[in-house]
Every structure is written in C-alpha cells, then in structure tokens.
Amino acid sequence: MKPTTQYTKSGRINIAYQVFGSGPVDLVYIPGWVSNIDWMWNCPELVSFLQELGKIARVILFDKRGTGLSDRIIELSTLEERMDDIRAVMDAVRSKKAVLFGHSEGGSVSALFAATYPDRTISLITFGIFAKRRYAPNYPWAPTDEERQAVYDMIENRWGSGNMGLESLAPSKANDKVFMDWLANYFRSGASPNAAMVLTKMNTQVDIIDILGSIKVPALIMQRTNDIDVKIEEGRFIAERIPDAKFVELEGNDHLFWVGNTEMVLNEIKYFVSNTKPEIVYERSLFTIGAARIISDKRLNEDQQEFFNQYVAQFNGQIIQGDGQTFMATFEGPSKAVNCAFGLIDAAKSLNSTIIIGIHIKEGSVEESNFISEETGLFIESIFEQAEPNQILITQTVKYLLLGAGLNFSQNKKPVFETVSGEPYFLFSVDDDLIENNQSTSFHFDQLPKNNSFLESVLQSIDAHIDDELFSVEKLCKEIGISDRQLQRKLKAITSKSPNQLISSVRLHRAKELLLENEYNIAEVAYQTGFSNPSYFSKSFKKEFGVTPSDFLQK
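Residues numbered from 1 in each chain as written. Predicted model: local features only at pLDDT ≥ 70, side-chain atom pairs only at ≥ 80, totals over all residues. Heavy atoms only, no water.

1. Side note on the overall build of the protein chain
The number of helices and strands found in the protein chain is 19 helices and 17 strands. Against the globule reference of 24 Å for 555 residues, the protein chain gives a C-alpha radius of gyration of 24 Å, in line with a compact fold. Dimensions of the protein chain, computed from C-alpha atoms along their principal axes, come out at roughly 75 × 60 × 45 Å. Across the 555 residues in the protein chain, those meeting the buried criterion constitute 57%. Long-range contacts, defined as pairs at least 24 residues apart, comprise 75% of the intrachain contacts of the protein chain with a sequence gap of at least 6. By element, 47% of the accessible surface of the protein chain is carried by carbon and sulfur atoms, the whole surface being about 23900 Å². The distance from the centre of the 56 positive side-chain charges to the centre of the 73 negative ones in the protein chain is 4 Å. (Helix = DSSP H or I, 4+ residues; strand = E, 2+ residues; numbered from the N terminus. Rg over C-alpha atoms; globule rule 2.2 N^0.38 Å. Buried < 20%, exposed > 50% of the residue type's maximum accessible area, 1.4 Å probe, protein only. Contact = heavy atoms within 4.5 Å. Areas by Shrake-Rupley, 256 points an atom, 1.4 Å probe, with all protein chains shown as cover. Lys, Arg positive; Asp, Glu negative; His and termini not counted. Charge placed at Lys NZ, Arg CZ, Asp CG, Glu CD.)

Written as structure tokens, this is what we have:
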C-alpha cells in the first residue's frame, strides 16, 4: 500500500515526502537524477525492495526540489540546498539521526551530508555512485564530453517519447516492455525536459573527491562489476578515500539496485544496518570557513563588531575569531558563506573601506577553540595575498559545491599551497550578476537581512503579495532593490524562469497547497492566489501540473 504523501518546507520550497516501515532505525533514501515518490509504487520490483527495507527501518522517501511532487518553481539547486531538503524532511518526521542510502547522483549529496552533519548520520550506504561525472586524467572512468552530449541529445529529442534509450540502466530488464515503459514514465513524471537537461548538465560538473576523506561515519559502498553507467573503478576509488569504508562488488550490469540480484543487495544492507554501531558524538566534521579582512586604518568599534556578528549569524554562520580588522567564521555551507560575503562587501563600502574575503572548505574539530590551526591560518593568509579589494576568492572545492547558485567564476592563474602537505589549491574569484559596474545594494547598519539568499528574498516578496493580481515585475524589482534586467538574468540562471513565469508558478504552487487543505472551492483558491478569472486559473493550473484543479481534487 502506497504511503501518504506529505509536505514540509525547506526555506520557502515545498518538499514532498513519505514515511513507512517499522524498523528500529531511520533510513533516508536519496534517489538519483530525478524521482517521483508516487510513481515508485507503480513498479512491483521497487515496491518489493522498499517493503523489505521497511522491515529493518523506518524508511523516509522524498523528491528533491524541482523534481517529482516537490515544488518545481526552480529547476536547479546546489548540493547545499539539497542537504537542506534532507534536514527539513528529517526534522518534519522528528528524525534526529538516520542511515543515508544514496543511489547514483544521490550519492553526492549523501556523502556531503555525512561529512557535514556526522551527528545526524548513523551510517552512509551507496549504490552505483560517482565522484565526478566528467573525464579527467585523475578520474578516467567518467564519461567524455562526447558521451555526455549523447545524453543531452536524448533529453532534447526523446524525453517526451518512449524511446529514451534507458536500457543501459537496467540491461536485465531491457526486453521487459512493462518495466521499461514504467521507467520512462517515472523519469518523465520526475522532471520536465528542461529540468532534466539542467540537472544533467549540472551533474556533469559534480566533483566530491576532496570531501571523501572527511566522511567519518561507517560507510558501505556497493557497485556492480559491469555497470555501464557508473564503472566499478569509480566505486573502488570512492571506497579507498573514505576512511574504513566497506566496498562490496556485486555481479551483474544493472545500474538500478532494485533489479537484478536484488536479494544480495538487500542482504548487504540488512547486515550492515544491523551490525553498525556509530559513535555517539563525532569530534570532527566538514566546515565552510569564511575569512575577511577590512582594509582600513581604523578597526571596527564594538558596535560595528557586534553588528558583523549578528549579520554573519543571519546566514547561519558564527564568527569564531576576530580582532576588529580580520575575522574568521564558520558556515553550514558555501552558498550561505558567499551570500554573506556579498553583504560584507557592501558593509565595508558603507564604512568607506574595502574588504578581501576568502572561502574554503576544511575538516575541523567541532570544538571552536581547537578549530583554527596555525596551518589553516597560514593558508587563509596566502589567499588574502592574492585577493584584490572587494574580491571574494574561493577554493576549487567550494566552487564545485556552488554549482547551481547562479554565480560567475574566474580562475586565478596562481595556486596557493597548504603549508604541511604542499598540496596546490586553485582559487576562483566569484561574482554575482546583481553587482554591476561596481554598484551594490544599499547597506544600513541598523537593518539586518531577512533572508540568506536572493531566491528566498524573491519568494518572500511574491508570497507577501500572493493575492494581489496587480503585483508586477516592476513592483518585485522595487522591493528587491534591483533593475528589471538584473532580475531577468539572475532568475533565469537560478530557476530557468522569467520573473513573470516565476510569479505565476509560485501562485499556482500555493494554490495547490490550498486545494490540498480542502477548505476552499476552486474559485476561492483562484482569488486568494491572485487570479481574478477562475477559467484562466484552471488553464494555468493544468499547464503547470498536467491536470485541471477539479481533476486534481479527485485524485
């Protein structure tokens, strides 16, 4: 029996999830590429697998933002935002700690979550995952650009047809028409052609190699010997870099874990889950470090320093060292650190000063007093030496985790080196299309930001005017404080939508929420979400969700 689909908020995005099973531990399944948690229950093979998992764990399924039943007002998200989705779902079901089970692309965010939040992770289980998705000399098993282009062409030309060439994902089922039809429908119901293309191109840039060594939770890495989509060498490579990871090589060539020798896969998971005893508290985890130095003859006074502390806190950051001119802070992820950094540049300008900022990701002690070592301090200094006034420099690891944030990167020619290991790190300057010709948004020391991202600010503004049919792009620009051209370009990069399309999409998703509450009729919901014409509302709803409001209520 299919579990009830529920929703929780991750920021202002609705994330769809389901919970089932009676086992003693929680297990969060992080699917690959795209998913649809309702359509999962139309595949007997997958249903059987999930039901077996439900005997050993309380299983939590969810669709990441932009896919499946979750809000599709955006079509691209960073790994950091996907981690936020996992935490939101865990919080919604009151799961303090869970086993993470990541498949294919889902392995990237699972690995990052385990390294960043070890005290919320019992263990990490993966199947058919990759560390990179683009050929490189140090990772020769990834697809070449030509091979990735073939995938792009399939999405571009055949996403809407039955001929999607998915046989390589499940060779043992290639002649099973019922299964292959379900698989094609599963992917199409999980993402629009444009969203599938955006996600696939982003996956091409994924690189989690540098964070693998920071995973301290027990890890089980499973891979099939002749998997065409993700090579067996990739699983070995990942397992070798995760401390004490268990690597299991399984016979077969299916990339999907729920076909082929599924009993062996289940037995490995059951044994691993039942015999894993994680540490109660982990002493080290992965941190994003933001370091800034104000270039001025005067140090910040006490009031200004306190404001900087509060400002950083608005981005879920915490200043752990500071002397009024140079300070270091830790953040939950690089997107929050970079968004904070843009604001700090504005703050420095308001003081008639300049600032240089460096952002790095590093494993460190959870004890603040032991976090910033001499080696880390020297590394930050080497970043400062290359920074120009009002410039944000980030390491390559940070750049990979910012993919999908709608930012621009330029590589510095000269790398920096860690003092002890001598390992080179390439640096990238990061800038935002919102800052043009050295112009920035106004900054007031008596006003803290309400949100920690541009998209959150836009969504908040639209939500505040959800029932105003006259709310326009012009009004949105005025509230956000940017030009129409900037808004168009920025939203296109982040959401693949124009401002008008985004306003309409937010209204329609809010309308869907209201319809699910079953307290208002269709006309009332239309008026409450800014549609003065119920007929036009019905047409718009069907275009967004594929069904009319009346059909949606009958599902």
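From this point, the discussion proceeds with the structure in view.
2. Some words on the packing of aromatic side chains
The tally for this structure, following the rule as stated, stands at 26 aromatic pairs. With centroids separated by 5.2 Å and ring planes inclined at 90 degrees, the aromatic side chains of Y139 and F237 adopt a geometry described as edge-to-face. One end of the pair, Y139, is in the loop between β6 (121-127) and α4 (145-158); the other, F237, is in helix α7 (residues 232-241), and 98 residues separate them in sequence. According to the relative accessible area criterion, F237 is buried, its value standing at 7%. (Phe/Tyr/Trp six-rings, centres within 6.5 Å; stacked < 30°, edge-to-face > 60°.)

3. Side note on the pattern of salt bridges
Taken as a whole, this structure holds 29 salt bridges when the rule is applied. In this structure, the salt-bridge partner of E52 is K270, at a minimum N-O distance of 2.9 Å. You can see E52 sitting in helix α1 (residues 44-53) and its partner K270 sitting in helix α8 (residues 262-275), a full 218 residues away along the chain. Counted as one network, the salt bridges with shared partners bring together E80, D84, R87, E332 and K336. (Salt bridge = Lys/Arg side-chain N within 4 Å of Asp/Glu carboxyl O.)

4. Thoughts on unusual backbone geometry
Of note, W33 is a non-glycine position whose phi angle comes to about 45 degrees, a positive value. Along the chain, W33 turns up in the loop between β3 (25-30) and α1. In this structure, N352 is a non-glycine residue whose phi angle is positive, near 60 degrees. Structurally, N352 can be placed in the loop between α10 (334-350) and β12 (354-365).

5. Some words on the sheet that holds strand β10 (residues 317-322)
Strand order in this open sheet of seven strands is β10-β11-β9-β12-β13-β17-β14, and the pairing throughout is mixed. Whereas interior strands pair on both sides, the edge strands pair on one side only; in this sheet they are β10 and β14 (408-411). Neighbour-to-neighbour, the strand axes of the sheet open up by a mean angle of 30 degrees, direction not taken into account. Summarising the sheet, strand β13 (residues 391-395) and strand β17 (residues 427-431) pair through three bridges and their orientation is antiparallel. Bridge pairing in β17 links I394 to F428. Packed on one face of the sheet, helix α9 (residues 302-313) meets β9 (284-295), β10 and β11 (326-331) and runs near 145 degrees to β10. (Pairing = 2+ DSSP bridges. Axes fitted to C-alpha atoms, helices over the stretch in contact; angles between N-to-C directions.)

6. A short note on the confidence of the model for the protein chain
In the predicted model, the protein chain carries a mean pLDDT of 88, and 93% of its residues have values of at least 70. Contacts of residues 436-441 to residues separated by more than four positions or lying in other chains number nine contacts, the stretch itself having pLDDT below 50. (pLDDT = per-residue confidence, 0-100.)

7. Description of the nonpolar core
Among the nonpolar cores identified, the biggest contains 97 residues, and I215, I357, I359, I392, V458 and L487 are the most heavily contacted of them. Ranked by residue count, the leading element in this core is α10, at nine residues. In terms of nonpolar packing, the next biggest core, distinct from the first, is built from 58 residues, C43, V59, F257 and I269 among them. (Core = buried A, V, L, I, M, F, W, Y, C linked by side-chain atoms within 4.5 Å.)

8. Comments concerning the sheet that holds strand β5 (residues 98-103)
Read across the open sheet, the eight strands follow the order β1-β2-β4-β3-β5-β6-β7-β8; overall the sheet is mixed. Lying at the two open borders of the sheet, with one neighbouring strand each, are β1 (6-10) and β8 (246-250). Taken over all neighbouring pairs, the strand axes of this sheet differ in orientation by 25 degrees on average, direction set aside. Pairing of β5 with β6 involves six bridges; the strand directions are parallel. Following the sheet pairing, V99 is matched in β6 by S123. Contacts from helix α2 (residues 79-92) reach β1, β2 (13-20), β3, β4 (57-62) and β5, with the element oriented near 125 degrees to β1.

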